[in-house]
Amino acid sequence: MARPMCESCGMPLKDEVKGTEADGTANNKYCMHCYADGAFTAPNATVEEMRHYSIEGMTGSGWPRFLAKFMTKNIGKLPRWQKADTSVP
């Protein structure tokens, strides 16, 4: 069975990193870095901006830059970026 992952950045979606709805309940599609309080944290971000943000976050956590770039190369294929209107989850 495939692990659930954030549909915006691809981060593994463990309970402790799930985003939240406006009422505080966990969101099962997005991580806390991409979605909080019922809205995207960067609603106007482009795929390339999300990729850059993800690479910076990963390298800041100790990931080698080449591996962070590799792990984020398919962000544009995730469900958030396939929708015509990316402002609504």
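Everything in this summary refers to the structure shown in the same document. (Residues numbered from 1 in each chain as written. Predicted model: local features only at pLDDT ≥ 70, side-chain atom pairs only at ≥ 80, totals over all residues. Heavy atoms only, no water.)

## Some remarks on the packing of aromatic side chains
- One pass over the structure, following the stated rule, counts three aromatic pairs.
- Here the aromatic rings of Y30 and F40 are separated by 4.9 Å at their centres, their planes lie at 75°, and the arrangement is edge-to-face. Taken as a pair, Y30 in strand 2 (residues 26–31) and F40 in strand 4 (residues 39–40) lie far apart in primary sequence, 10 residues in all. Like F40, Y30 is buried.
- These aromatic residues form a ring-pair network of at least three members: Y30, Y35 and F40.
- One cation-aromatic arrangement involves R80 over F40; the distance from NZ or CZ to the ring centre is 3.7 Å. (Phe/Tyr/Trp six-rings, centres within 6.5 Å; stacked < 30°, edge-to-face > 60°. Helix = DSSP H or I, 4+ residues; strand = E, 2+ residues; numbered from the N terminus. Buried < 20%, exposed > 50% of the residue type's maximum accessible area, 1.4 Å probe, protein only. Lys NZ or Arg CZ within 6 Å of the ring centre and 35° of its normal.)

## Here's the deal with the side chain of T72
- In this structure, T72 sits in the loop between helix 2 (65–71) and helix 3 (79–82).
- For T72, a relative accessible area of 2% puts it in the buried group.

## Points about the pattern of salt bridges
- One pass over the structure, following the stated rule, counts two salt bridges.
- Between K18 and D15 there is a salt bridge, with the nearest N and O atoms lying 3.2 Å from each other.
- Relative accessible area serves as the criterion here: at 18%, K18 is assigned to the buried category.
- With a shortest N-O distance of 3.1 Å, E56 and R65 are connected by a salt bridge.
- Residue class for R65 comes out partly exposed when judged on its relative accessible area of 40%. (Salt bridge = Lys/Arg side-chain N within 4 Å of Asp/Glu carboxyl O.)

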